[in-house]
Amino acid sequence: MYIMTDIVFDSKYIKSCRKSHTCDWCNETILIFTPATKCQGVFDGKFYCNYFHPECIAAGRTIDQDELEGMTCYFKRGTTEEK
Ligand SMILES: [Zn+2]
């Protein structure tokens, strides 16, 4: 059987980042020693690993995942408003 989409998803809250990252939601910097949520998994056979501000992941959870699919823009930090 051929499975087109294979999603393995894991998200983890990090109390204090050991290095800075770029938030994949708002495209702003997540500063070193600040909290972040790290999400990693496999989507369509490709490994991904993204970092988010805690308020951005919270905003992301309020919208339908189907709606998010194919979106390439960024959102305002901590909101579901497009930039
Ligand atoms: Zn963010």
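Everything numeric here is computed off the predicted structure, so don't read it as measured data. (Residues numbered from 1 in each chain as written. Predicted model: local features only at pLDDT ≥ 70, side-chain atom pairs only at ≥ 80, totals over all residues.)

### Looking at the overall build of the chain
Consideration 1: Counting secondary structure elements, the chain contains two helices and five strands.
Consideration 2: For the chain, the N- to C-terminal ordering of α and β elements is β-β-β-β-β-α-α.
Consideration 3: Each principal axis of the C-alpha atoms in the chain carries an extent, and together these give about 45 × 30 × 15 Å.
Consideration 4: Looking at the chain as a whole, 17% of its 83 residues qualify as buried.
Consideration 5: Within the chain, counting contacts between residues at least 6 apart in sequence, those at least 24 apart form 43% of the total. (Helix = DSSP H or I, 4+ residues; strand = E, 2+ residues; numbered from the N terminus. Buried ≥ 20, exposed ≤ 12 C-beta atoms within 10 Å, placed from the backbone. Contact = placed C-beta atoms within 7 Å.)

### A short note on the environment of Gly41
Consideration 1: Relative to the helices and strands, Gly41 is located in strand E4 (residues 36-43).
Consideration 2: Residues Gly41 and Ser11, spaced 30 residues apart in sequence, show a C-alpha to C-alpha distance of 8.6 Å.

### Considering the pairing of E4
Consideration 1: Inspection of the sheet shows E4 paired to strand E5 (residues 46-52) by seven bridges, in the antiparallel sense. Bridge pairing in E5 places Cys39 opposite Asn50.
Consideration 2: Taking the residues between adjacent antiparallel strands as the criterion, E4 and E5 are bridged by two residues, where Asp44 takes a positive phi near 55 degrees. (Pairing = 2+ DSSP bridges.)

### Here we look at the nonpolar core
Consideration 1: One finds Cys23, Trp25, Cys26, Ile30, Ala36, Tyr51, Phe52, Cys56, Ile57, Ala59 and Phe75 forming the largest nonpolar core, which totals eleven residues.
Consideration 2: Taken together, the elements giving at least two residues each to this core come down to E5 and helix H1 (54-60).
Consideration 3: For this core, the element with the most residues is H1, which contributes three residues.
Consideration 4: Excluding its chain neighbours within four sequence positions, the residues that come into contact with Ala36 are Ile14, Cys17, His21, Ile30, Tyr51, Phe52, His53 and Pro54. (Core = buried A, V, L, I, M, F, W, Y, C linked by C-beta atoms within 7 Å.)

### So, unusual backbone geometry
Consideration 1: If you check the backbone angles, Asn27 has positive phi at about 65 degrees while not being a glycine.
Consideration 2: Relative to the assigned elements, Asn27 resides in the loop between strand E2 (21-22) and strand E3 (29-30).
Consideration 3: Positive phi, normally seen in glycine, also occurs at Phe33, with a value near 70 degrees.
Consideration 4: Structurally, the position occupied by Phe33 is in the loop between E3 and E4.
Consideration 5: Since 10 C-beta atoms lie within 10 Å of it, Phe33 is described here as exposed.

### Some remarks on the confidence of the model for the chain
Consideration 1: Scored by pLDDT, the chain has a mean of 87; 90% of the residues are at 70 or more.
Consideration 2: Of all the helices and strands in the chain, helix H2 (residues 65-68) carries the lowest mean pLDDT, 76, while E3 carries the highest, 98. (pLDDT = per-residue confidence, 0-100.)

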